[in-house]
Amino acid sequence: MRNRLLTWLTAALTTVTLATPATAAESPSLDWKPCASIPLECATLKVPLDYRKPGGPTLEVAISRLKSGKPGARRGVLLLNPGGPGGSGLDMPLMIAQLAPPSVTAAYDLIGFDPRGAGSSSRITCELTPDQLRPGKTIPYPAPNGDISANVAYAEQVAKQCGEHAGPVLPYLTTLNTARDMDRIRLALGERKISYLGGSYGSYLGAVYTTLFPAQSDRILLDSISNPDGIWRPAFRQWAPAAEVRFEDFASWAAARNAEYGLGSTSAAVRATYFDLAGKLDATPQGGNDFREQTRSGLYNDANFVPMAQQWQALKRGEVTVSGGPAGDPQSFYAVFWAVVCGDTAWPRSIAQHQRDVLVDKWRYPLTNGGPSTVFPCVFWPAKPIEPPLRITDRGPSNVLLTQNTRDPATPIEGARAMRSALGDRARLVTADQGGHGAYLLTPNACVSRIATAFLVDGVQPARDVHCGPELTASDTARDQVVRQLQARRF
């Protein structure tokens, strides 16, 4: 696959005409067969590498399907995306089937897909080493004193590797092209319209799709909303203040259980324990940055609090070290992640600017030590964006529902409000007074679940925006495991 990718011609143009829906004469077909490793139906769809050249080289997109459990109740298809960008979505129908009410799985065929470049689609890789895959490097954190020299060296080397191993396709792995792929999936499925459920980065992808293809959009549910005005470096910088807000949930929880975990009897004491552990790890070969990133990502769901507290206990006793890279297919994940965030929009190239931003944010938001503001490989990316980001607008039917937690550590509430403003009367915003990255299905808020399920199943959009209180339902171990698997595919 790699050799084939490297043979493609990839001259990038500076302007592009947005793709229009494919016609019936261009309709592709799908050959459904049992998936290789999951109990679903799978098919492969060929899509243009470059939509400006529909007769040119193609990519393969892997698609999965879980048919409605009640064909008589079926109303269409629900296309799914887990976020990332770079997250594999092929097994997502299985996860949603375990999390969603039966009325949702009866109403829709659940459709998963691996976005272009990821997983079982035409997969790319940057051939990262195990050390390059460490959590505190893939999400780059500066040195303890804020110096970004090591980040600069890492970013330059990774950008070089990505160019060497996937260079010909990098310019075309963008949100806009993935949205165009989604419409090809719609056509291949023989559907006049598609409904959609996507979270985190998947919320932005869904907003781009329904802006590009409003007439082909049925019911669009966007969860944990990415800020359409902050693509992408401004959005990542918001991780720092968002983590500070969310950390208080964990600190209060741990303080109430100090007799069990010994992390501090007040939230301030738990916070002090965090900085003490990070400082001690900074003096070890493992370093404290893996710990900082694992703590930040651990804030994504309350289900992570127990294992995180247990890890802190063990670290205090000196019994364990911080573990290494992510599960799944990190090679594909990070290659696509960087391709999308570097290809959607240009990044500032000034190293001095990044250093200043890190020092400012390190002082303002010490929990993340300035990490979300430091240098990404995008600063040295070998391919320039081939088109500007799409402006999300209110042109289209009123068929979008936004669901958002007020204390989300990755996509803070300000992003949801910006998306609501951009979509105007097309959308309604449902907020939940709770923490975590993922509102509908991922955090069991009864109020959010009622509204979102009614929207998907019956098309009931609230008359106005709704704010839900902390109506959490009982925790379920099996559900928590599925939630962790899903959240591991997003930033």
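Residues numbered from 1 in each chain as written. Predicted model: local features only at pLDDT ≥ 70, side-chain atom pairs only at ≥ 80, totals over all residues. Heavy atoms only, no water.

**A word on the packing of aromatic side chains**
Okay, so step 1: Evaluation of the coordinates by the stated rule reveals 23 aromatic pairs.
Okay, so step 2: In this structure an aromatic cluster arises from ring pairing among Phe247, Phe250, Trp253, Tyr261, Tyr274, Phe275, Phe291, Phe305 and Trp312.
Okay, so step 3: Looking at Arg65, its charged tip hangs above the ring of Trp32, at a distance of 4.2 Å from the centre.
Okay, so step 4: Stacked on the ring of Trp239, the Lys or Arg Arg296 has its end atom at 4.2 Å from the ring centre. (Phe/Tyr/Trp six-rings, centres within 6.5 Å; stacked < 30°, edge-to-face > 60°. Lys NZ or Arg CZ within 6 Å of the ring centre and 35° of its normal.)

**Some details on the sheet that holds strand β10 (residues 466–468)**
Okay, so step 1: Strand order in this open sheet of ten strands is β1-β2-β3-β5-β4-β6-β7-β8-β9-β10, and the pairing throughout is mixed. Two strands bound the open sheet, and with one partner strand each, they are β1 (33–34) and β10.
Okay, so step 2: In the packing of helix α2 (residues 92–99) onto the sheet, contacts are made with β3 (58–66), β4 (76–81), β5 (108–113) and β6 (194–200), and the angle to β5 comes to roughly 135°. (Pairing = 2+ DSSP bridges. Helix = DSSP H or I, 4+ residues; strand = E, 2+ residues; numbered from the N terminus. Contact = heavy atoms within 4.5 Å. Axes fitted to C-alpha atoms, helices over the stretch in contact; angles between N-to-C directions.)

**A look at the packing of helix α6 (residues 175–188) against helix α7 (residues 201–212)**
Okay, so step 1: Put simply, α6 and α7 touch, their axes get as near as 9 Å, and they point 65° apart. Here α6 is positioned roughly perpendicular relative to α7, judged by the angle of their axes. Handedness of the α6/α7 crossing: right-handed. For the pair formed by α6 and α7, the contact residues are Thr175, Leu176, Thr178, Ala179, Arg180, Met182, Asp183 and Arg186 on the first element and Tyr201, Tyr204, Leu205, Val208, Tyr209 and Leu212 on the second.
Okay, so step 2: Of the residues assigned to the contact of α6 with α7, the class counts are nine nonpolar, two polar and three charged. (Parallel < 35°, antiparallel > 145°, perpendicular 65-115°, else oblique. Left-handed = near helix turned anticlockwise from the far one by under 90°. Nonpolar A, V, L, I, M, F, W, Y, C, P; charged D, E, K, R; others polar.)

**Describing the pattern of salt bridges**
Okay, so step 1: Inspection of every chain in the model, using the stated rule, returns 28 salt bridges.
Okay, so step 2: One salt bridge connects Asp357 with Arg233, and the closest N-O pair in it is separated by 3.0 Å. Taken together, the residues span a long stretch of sequence, with Asp357 in helix α15 (residues 351–364) and Arg233 in helix α8 (residues 233–237) at a distance of 124 residues. Both residues of the pair, Asp357 and Arg233, belong to the buried class. (Salt bridge = Lys/Arg side-chain N within 4 Å of Asp/Glu carboxyl O. Buried < 20%, exposed > 50% of the residue type's maximum accessible area, 1.4 Å probe, protein only.)

**Here's the deal with unusual backbone geometry**
When glycine is set aside, most residues are seen to have a negative phi, and most peptide bonds are trans.
Okay, so step 1: Note that the residue after Gly84, namely Pro85, is joined by a cis bond; omega there is -5°.
Okay, so step 2: In this fold, Pro85 is placed in the loop between β4 and α2.
Okay, so step 3: Cis peptide bonds are those with omega within 30 degrees of zero, and the linkage from Ile231 to Trp232 qualifies with -5°.
Okay, so step 4: Counting through the fold element by element, Trp232 comes out in the loop between β7 (217–225) and α8.
Okay, so step 5: Phi at Ser200 takes a positive value of approximately 60°, unusual for a residue other than glycine.
Okay, so step 6: You can see Ser200 is positioned in strand β6.
Okay, so step 7: Although it is not a glycine, Asn369 sits at a positive phi angle of roughly 55°.
Okay, so step 8: Within the element layout of this structure, Asn369 appears in the loop between α15 and β8 (400–407).

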